[in-house]
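Notes for the structure review
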Amino acid sequence: MKLDLDRGHNEPLHQQIVRQVETLILSGELPPGSGMPTERHLASLLRIHRSTVTKAYEQLRAAGLIHSVQGRGTFVADSMWDLQTNHFPRWSQYMSSGVFRPTISLLRKVHQLTPDPSYINLADGEVSLDLLPTAIMKELLKGEDMASFMHYSDPRGERKFRQAIARHVQKQYGIEADEDEILVTSGGQQAMHLITQCLLSSGDSIAIECPSYHYSLPLFMSSGIRLLRIPVDQDGMIPSSLPELHRAHRIRMVITSPTYQNPTGVVLAKERRLELIRICRGLSIPIVEDHTFSDIRLHGEAPPLPLIANTGVEGSVLYFGSLSKSAAPGFRIGWIIGPRSVISRMADIKQQFDFGTSPLMQELTSRYLESGGWSEQLERIRAALSRNQETMLHALDRHLQGKAEWTRPGGGYHIWCRLLQPAAETSLLEEGIRQGVLMVPGRVYGAEAGYVRLSYARANEGEIAEGIARLARAVSIVAVGQR
Ligand SMILES: Cc1ncc(COP(=O)(O)O)c(C=O)c1O
């Protein structure tokens, strides 16, 4: 049986196996009743993990194309007649024609392995379990009758919760917004989807600082939106490149994460914030401000106020925040703040997406914010991540001195590391996996070759030190292989 897998393709490997075996069976090349290779044998032939073949065989079995007999092996279904009259859907074709493009394959690989505790996780953008607000949640839920929070929500979010958010953003970031200027979302991720799908059309060009988390989202490609790169230095994006870019491409929107940007950790300097606002105002381009990491300040000066605190809510900035980084990603709570007409348009789309965020979660989060639980937890997260960051910096000094350069960000979850001898991303990721450490290659975030993003949020200090030692081994092995 001859299968040809394309590792660089977006289609997952198991799906490629399913599609090709399906074709071989339907074309008669694999006749009814013929024996299939064992999972182990096929995995070794294709030089892939056995679990990938297991997954493909499961899917083929579910489609009725093959069947397994205990002690004897796996066979193509006995009767071609059954297959031809079955008219089962060709799922692989459906799956490759959906509206949304699949996640970048490098990232998918990392996501598949992160639940496995045998790897040291320097990839995840979430804190470790012991930093989550479990105790206070238990307290808030104790003996409560939650029956009144089980209805469909107002698609904008419950009024009481939007008022709680208005107080929160006023106190924490100096943003003056009322409840009609706020839309509750399922995290920042949904905020980005709503903004893109409500306000942009296929063929539009948008400018995003590069590198940026936003390049990792298939969302823009799925929506036919072209991404224009704005360069970034140690003071954040360089806005002076925007007018030229606009003349050439007519920018429809600028997206920025000005505070502890993911992945670089940089903060957009105050003067550049004002310059960005001035330029975008002059060109009538809206700015989308992603404030997701803004609370994770670890050292150094307090970051400047968000852009929207400078422009006012009815101005040119559409702002979104989230509790994923400062509380728990499992809350799935975020918000968009902007002009009421835009909020109301997006609320209508949110209604069409999911009928509103769970009122139960909104109520719990509202109590959590108002009880002071959020501020306490944030202090714990900051203290733990400051220690973790120090540990990672020490380990980098010890193991990668002379082989890489890295940032010392004032906040956020990540260190952005540049290898002095750039390695092919896939080889580095695969060697890292062999060494038992996960990180994210920089290409995922739009960077040129040779960068990796290292998260100090998930692993503990011992794991971080060991993880960097393993990464250094992987870097050396890949460098030798490249010579
Ligand atoms: C910069 C940035 N923005 C937005 C998000 C979306 O996060 P969530 O949907 O959990 O709020 C993430 C997630 O990692 C992120 O890194």
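The preceding data block contains the structure.
Note that the structure is predicted; figures quoted are calculated from it, not measured.

With respect to the packing of helix H7 (residues 134-141) against helix H15 (residues 359-370)
Packing of H7 against H15 leaves a shortest axis separation of 10 Å and a crossing angle of 115 degrees. The orientation of H7 relative to H15 falls into the category roughly perpendicular. Along this stretch, H7 crosses H15, giving a crossing that reads as right-handed. Here Ile136, Met137, Leu140 and Leu141 of H7 lie close against H15, whose contacting residues are Leu364, Arg367 and Tyr368.

Considerations on the site of the ligand
Taken together, the residues surrounding the ligand are Gly187, Gly188, Gln189, Tyr213, Asn262, Asp290, Thr292, Phe293, Ser322, Ser324, Lys325 and Arg332. The contact in question runs from an oxygen atom of the ligand to an N or O atom on the backbone of glycine 188, over 2.7 Å. Here an oxygen atom of the ligand and a side-chain polar atom of serine 322 are 2.6 Å apart. More than half of the atoms belonging to the ligand lie within 2 Å of the grid points that define the second largest pocket. At three residues, helix H9 (residues 187-199) tops the list of elements feeding residues into the shell around the ligand. Class assignment for the residues of the shell around the ligand results in two nonpolar, seven polar and three charged.

A short note on the sheet that holds strand E4 (residues 182-185)
In space, the eight strands of this open sheet follow the order E4-E11-E10-E9-E8-E5-E6-E7, with mixed pairing throughout. This sheet does not close on itself; its edge strands, each paired only once, are E4 and strand E7 (236-237). Pairing of strand E10 (residues 317-322) with strand E11 (residues 334-337) involves four bridges; the strand directions are antiparallel. By the bridge assignment, phenylalanine 320 is partnered in E11 with isoleucine 336. The strands touched by helix H8 (residues 159-173) are E4, E10 and E11; relative to E4, the strand with the most contacts, the crossing angle is about 105 degrees. In the packing of helix H14 (residues 340-354) onto the sheet, the strands contacted are E4, E10 and E11, and the crossing angle to E4 comes to about 25 degrees.

About the cut-offs
- Residues numbered from 1 in each chain as written.
- Predicted model: local features only at pLDDT ≥ 70, side-chain atom pairs only at ≥ 80, totals over all residues.
- Heavy atoms only, no water.
- Axes fitted to C-alpha atoms, helices over the stretch in contact; angles between N-to-C directions.
- Helix = DSSP H or I, 4+ residues; strand = E, 2+ residues; numbered from the N terminus.
- Parallel < 35°, antiparallel > 145°, perpendicular 65-115°, else oblique.
- Left-handed = near helix turned anticlockwise from the far one by under 90°.
- Contact = heavy atoms within 4.5 Å.
- Near = heavy atom within 4 Å.
- Polar contact = N/O pair within 3.5 Å; in protein donor to acceptor, adjacent residues only side chain to side chain.
- 1 Å grid on protein atoms, 1.4 Å probe; cavity = no way out; pocket = protein on both sides within 12 Å on 5 of 7 lines; lining within 4 Å.
- Sits in = over half its atoms within 2 Å of the grid points.
- Nonpolar A, V, L, I, M, F, W, Y, C, P; charged D, E, K, R; others polar.
- Pairing = 2+ DSSP bridges.

These results come straight from atomic positions and should not be treated as a statement about function.
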